[in-house]
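# Chains, contacts and geometry: an overview
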Amino acid sequence: MEDAVDYYNAISGSYEKLYRDEQIRKIKFVLKHLDIDKIETVLDIGAGTGILEEFLKGKKVVAIEPSSLSDEIIRKDLKNVTIIRSRLEEVNLDERFDLVICLTTLQDLNKETRRICLEKAFEYCKEGGTVAISVLKASQIDLSYLKPTAIEDAQNDIIFFFIK
């Protein structure tokens, strides 16, 4: 979906009302599969309104969100969160992260941008770190060809975990 940023800009005022509960369920599901105490740094690709960041207090988080949803992260005044308001394909980071997470984002990207997103997710993950990616089941995106260490069924999503 090439105009996903426009869509999220248009619904930014109602995003949390529409999706907050669903996102919280997903985040809790992912986090219970991780040893969160060993994670110090997190890259959140497609951070939305920063719901994940609310669960990661005390962690250093870089949140990439190209839409105006990122304004809500600013309003939440979350500590230790750096916001990059840009499309991932335009971002170049020197830092590597213990956890790279991408929740419910891939289906909003065209195939080429999805490929870039996946490449960068693994590039930005530290050796021994974790990449966690959720995709909507309805999108029929299958990442099993990337040989995940675990695949979990989470209601409307499939969550792929990779250890780098």
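Residues numbered from 1 in each chain as written. Predicted model: local features only at pLDDT ≥ 70, side-chain atom pairs only at ≥ 80, totals over all residues. Heavy atoms only, no water.

### Considerations on unusual backbone geometry
A positive phi is found at D77, a non-glycine position, where the angle reads about 50°. Locating D77 in the fold gives a position in the loop between α4 (70-76) and β3 (81-84). For D77, a relative accessible area of 52% translates into the label exposed. (Helix = DSSP H or I, 4+ residues; strand = E, 2+ residues; numbered from the N terminus. Buried < 20%, exposed > 50% of the residue type's maximum accessible area, 1.4 Å probe, protein only.)

### A word on the packing of helix α1 (residues 4-11) against helix α2 (residues 15-32)
Where α1 contacts α2, the two axes come as close as 9 Å, and the packing angle between them is 110°. Considering their axes alone, α1 and α2 lie roughly perpendicular with respect to each other. Contacts between α1 and α2 involve Y7, Y8 and I11 from the former and Y15, L18 and Y19 from the latter. Residues belonging to the contact of α1 with α2 are distributed by class as follows: 6 nonpolar, no polar and no charged. (Axes fitted to C-alpha atoms, helices over the stretch in contact; angles between N-to-C directions. Parallel < 35°, antiparallel > 145°, perpendicular 65-115°, else oblique. Contact = heavy atoms within 4.5 Å. Nonpolar A, V, L, I, M, F, W, Y, C, P; charged D, E, K, R; others polar.)

### What about the environment of V42?
Mapping V42 onto the fold places it in strand β1 (residues 41-45). Along the chain, V42 and K60 lie 18 residues apart, while their C-alpha atoms are 6.2 Å from each other.

### A word on the packing of aromatic side chains
Two aromatic rings, taken as a pair, are described by how far apart their centres are and by the angle between their planes. If you walk through the whole model with that rule in mind, you get 4 aromatic pairs. With a centroid separation of 4.9 Å and an interplanar angle of 70°, the aromatic rings of Y7 and Y8 are classed as edge-to-face. With relative accessibility at 32%, the residue Y7 sits in the partly exposed group. An aromatic cluster of three or more residues is present, and its members are Y7, Y8, Y15 and Y19. (Phe/Tyr/Trp six-rings, centres within 6.5 Å; stacked < 30°, edge-to-face > 60°.)

### Examining the nonpolar core
Counting residues in hydrophobic clusters, the biggest one holds 29 residues, and the most contacted among them are V30, L34, V42, L99 and I101. Mapped onto this core, the elements with two or more residues apiece are α1, α2, α3 (51-55), β2 (60-64), β4 (97-103) and β7 (157-163). A per-element tally of this core places α2 first, with 6 residues. Among residues more than four places away in sequence, those in contact with V30 are I101, L103, A132, I159 and F161. (Core = buried A, V, L, I, M, F, W, Y, C linked by side-chain atoms within 4.5 Å.)

### Examining the side chain of R114
Structurally, R114 can be placed in helix α5 (residues 111-123). Comment: no salt bridge for buried R114; closest opposite-charge side chain is D108, at 8.6 Å. In this structure the side chain of R114 is engaged in a polar contact, spanning 3.3 Å, whose partner is the backbone oxygen of L106. Residues in contact with R114, not counting those within four places in the same chain, are L106, L109 and I141. (Lys, Arg positive; Asp, Glu negative; His and termini not counted. Salt bridge = Lys/Arg side-chain N within 4 Å of Asp/Glu carboxyl O. Polar contact = N/O pair within 3.5 Å; in protein donor to acceptor, adjacent residues only side chain to side chain.)

### Some details on the pattern of salt bridges
Across all of its chains, the model carries 16 salt bridges by this definition. A salt bridge links D157 to K26; its shortest N-O distance comes to 3.2 Å. Taken as a pair, D157 in strand β7 and K26 in helix α2 lie far apart in primary sequence, 131 residues in all. The pair formed by D157 and K26 is uniform in burial state, with each residue classed as buried. Between K38 and D35 there is a salt bridge whose closest N-O contact spans 3.8 Å.

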